[in-house]
Structure formats: C-alpha cells, structure tokens
Amino acid sequence: MTGADTFRAAAAYDRAVGRYGASLAVELIAFAGVEPGMRALDVGCGTGLLTAALAERLGAENVAGAEPSEPFAEACRARLPGVEVVVAGAEALPFGEGAFDAALSQLVVNFMRDAEAGVRELARVTRPGGVVASCVWDYAGEMTLLRAFWDAAREVEPERAAAADEGVVMRWCSEEELRELWEGAGLRDVSTGALMARAAYDDFEDLWAPFPSGIAPSGAFTASLDVVGRAALHDAFRRRLGVGGEPFELTARAWAVRGAAP
Ligand SMILES: C[S@@+](CC[C@H](N)C(=O)[O-])C[C@H]1O[C@@H](n2cnc3c(N)ncnc32)[C@H](O)[C@@H]1O
C-alpha cells in the first residue's frame, strides 16, 4: 500500500513506528548537514517528529512541513505552533523555487505515489547547492520491529502477508535504488549511508497496542485479521522478537541518501 491512506491516527502512529522518529531525526539531520542559520522543509512531515528536531535546531520560524494526511498535518501543527504546515504531497509542493536551504523527508519516499516527481519537487524548492536528503527503513533487513512483524504475519497468513510484506513490495528501500532516484532527479554529489534509530518498550503489550488500530501497512494488515488470526499473529510476533513482560529496546536501520540541488 502507498500514499497517505493508512496514516490518519496520529496518536497510534506516535506509539508505533513514530517511537523511532525522534532518534532517527537526529541521525538524518547530522547526515544531511543541517546547520543553524538554514531554512528547512520537512516533506511528509507526519505528526512532526523530524519537524520538531529541525525546529529545535533552526527555530520554528525557519522550518516548514508538508503532509497530505490532514489529521497528521493537524497533529504536527498542534505539536509545533510557529511551524508552517501545509496539506500537500511531495509531488506538488506549494513553495517557490529555491525557497529552502534544505529539503528533508523521513520514511516517506517509498509511500509517494510518484517518487521521481516527488524528489524532483524537493530539488526544485531547494536553492542551488542546498541539500536534499531522505531515509527509508531497511524493511528487508535490520528494521527489527517490522521485519519480525512481517515474518510472523507470513506464518499466520502466508499468501496475504507475502503480498503485503514491506520488505518485498516497497521500492526505494536500498542504497542503490535511492542513489538512482536522487541522480535521476538531477541531484549532484550524491552519497548514501546507514542510520540507526532505537525505541524503548515497557513490555511486548506496549509494543503490540497500536497495531490493531490499523496504522501504517503493518497495522492495516493486523486490523484485517479476525480475532483468531490476530491472536496467532500476536503470539508469533512476540516469539520472533523473543520478548515478554520485561522492558526492552529495539534498534532499526534506515538507508539514507543526500545530494546537492543543481
Ligand atoms: C512513515 S510516515 C513518516 C512520517 C514522518 N516523516 C516521520 O518520520 O514520523 C509516512 C508519511 O508519508 C506521508 N505521505 C504519503 N504519501 C505522501 C506523498 N505523496 N507526499 C508526501 N508525504 C506522503 C504519509 O501521510 C505519512 O505521514
């Protein structure tokens, strides 16, 4: 699934994948080389996890966000008064050419309807020589939470889960593909790398709680199961993670790409 369809419940998002957002944002900002004095745009800003880190570094008045899901855009505005948040997709950004020193997007290009057009837009709104940077989860490898989720889902509903597994169906989830996307959009001096994020949980139930709400593709798959299927998924997921009633932490790898606007 792509697009903003499964990104509507802001509180559930912050408890699910959003739990990694703040630590990932610190890594992406360092990788992109965003420094005080710059003006930055966060594309697909969601509930504002990267936006918050940018506002802390640059000041809210120097940060803008674009997000196609209205409830997520509203959650971002509520979190960050003073940041301009527009309801828009990456493919048609309502900003002028060269309006920003940096255009970033965190965990978004794989959800864009047209990633080539979206990245061209990020480049268009960035001044010549400014940075365009992004990251996506290593769904097929070391995004521990989602890899364990889809492996458990494949045990419970092999065919349907194989068709929805983000490690298989998502594009732009490797360094090679991201480099190709960035170079294809005319960005220069393109480089890629790995970013590590982390999240802390009270116990497995704390981790599981947002999944049945339908948030993100993994939540949508969970919500589509009947009570018996959901219980089987819950148990297989817990077993694959090897966690239970104690607090624990998980790490997650994302592939990152940056380039200079022409
Ligand atoms: C996994 S969330 C990431 C949100 C936020 N960047 C973060 O790090 O928490 C993916 C986001 O991409 C947004 N999105 C989906 N299609 C998009 C598009 N075409 N252009 C921009 N954002 C899009 C979704 O609505 C959602 O907010």
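Residues numbered from 1 in each chain as written. Predicted model: local features only at pLDDT ≥ 70, side-chain atom pairs only at ≥ 80, totals over all residues. Heavy atoms only, no water.

A.B. asks: Break down the site of the ligand for me, citing the residues and quoting the values.
C.D. replies: What surrounds the ligand is a group of 21 residues, the closest being Tyr13, Gly44, Glu67, Ala90 and Gln106. Between a nitrogen atom of the ligand and a main-chain N or O atom of Gly44, the distance comes to 2.8 Å. A distance of 3.0 Å separates a nitrogen atom of the ligand from a polar side-chain atom of Glu91. Notes on the ligand: free accessible area 590 Å², of which the protein chains cover 98%. By residue class, the composition of the shell around the ligand is twelve nonpolar, six polar and three charged. (Near = heavy atom within 4 Å. Polar contact = N/O pair within 3.5 Å; in protein donor to acceptor, adjacent residues only side chain to side chain. Areas by Shrake-Rupley, 256 points an atom, 1.4 Å probe, with all protein chains shown as cover. Nonpolar A, V, L, I, M, F, W, Y, C, P; charged D, E, K, R; others polar.)

A.B. asks: Which residues make up helix α3 (residues 49–58), and what are the values?
C.D. replies: Where burial is concerned, most of α3 is hidden: seven out of the ten residues are buried. Of the positions making up α3, those classed as buried are Leu49, Leu50, Thr51, Ala53, Leu54, Ala55 and Leu58. Against the buried residues of α3 lie α1 (10–15), α2 (21–32), β1 (40–43), β2 (63–66), α4 (70–79) and β4 (100–106). One or two residues past the end of α3 sits Gly59, with phi positive at roughly 90°. (Buried < 20%, exposed > 50% of the residue type's maximum accessible area, 1.4 Å probe, protein only. Helix = DSSP H or I, 4+ residues; strand = E, 2+ residues; numbered from the N terminus. Contact = heavy atoms within 4.5 Å.)

A.B. asks: Outline the confidence of the model for the chain, listing residues and values.
C.D. replies: Note: predicted coordinates in regions of low pLDDT should not be interpreted at a detailed level. Here the chain averages 96 in pLDDT, and 99% of its residues register 70 or above. Model confidence for the chain, summarised as mean pLDDT per element, is weakest for α1 at 91 and strongest for β4 at 99. (pLDDT = per-residue confidence, 0-100.)

A.B. asks: Now, about the sheet that holds β2: what can you tell me, with residues and values included?
C.D. replies: Here seven strands make up an open sheet; going across it, the order is β3-β2-β1-β4-β5-β7-β6 and the pairing mixed. Pairing within the sheet leaves two strands with one partner each, and these edge strands are β3 (84–86) and β6 (188–201). The average angle at which neighbouring strand axes cross in this sheet is 20°, direction not considered. Where β6 and strand β7 (residues 248–260) come together, twelve bridges link them in antiparallel fashion. Within β7, the position partnered with Ala194 by the bridge is Trp255. (Pairing = 2+ DSSP bridges. Axes fitted to C-alpha atoms, helices over the stretch in contact; angles between N-to-C directions.)

A.B. asks: Let's hear about the pairing of β2: which residues, and what values?
C.D. replies: Burial along β2 is two-sided: Val63 and Gly65 facing one way and Ala64 and Ala66 facing the other are all buried. Running through α3, the crossover from β1 to the neighbouring parallel element β2 is right-handed. Strand direction decides the pairing type here: β2 and β3, joined by three bridges, are parallel. Residue pairing for β3: Ala64 is matched across the bridge by Glu84. Once the chain exits β2 it traverses α4 before rejoining the sheet at β3, and the crossover so formed is right-handed. (Right-handed = clockwise from strand over helix to strand, strands pointing away.)

A.B. asks: How would you explain the environment of Trp208 if you had to name every residue and give the values?
C.D. replies: Position of Trp208 among the secondary structure elements: in helix α10 (residues 204–208). Classification of Trp208 by relative accessible area gives buried; the value is 9%. Separated by 29 residues in the primary sequence, Trp208 and Phe237 place their C-alpha atoms 8.9 Å from one another. If we ignore the near neighbours within four places in the chain, the residues touching Trp208 are Thr222, Arg230, Leu233, His234 and Phe237.

A.B. asks: Could you give me a rundown of the packing of helix α6 (residues 144–156) against helix α11 (residues 216–224), with the residues and numbers involved?
C.D. replies: Contact geometry for α6 and α11: axes closest at 11 Å, N-to-C directions at 30°. With respect to α11, the element α6 is oriented roughly parallel. Every pair of crossing elements has a handedness; the one defined by α6 and α11 is left-handed. Residues Leu146, Phe149, Trp150 and Ala153 of α6 touch α11, and the partners they reach there are Pro217, Ser218, Phe221 and Thr222. Residue classes in the contact of α6 with α11 are distributed as six nonpolar, two polar and no charged. (Parallel < 35°, antiparallel > 145°, perpendicular 65-115°, else oblique. Left-handed = near helix turned anticlockwise from the far one by under 90°.)

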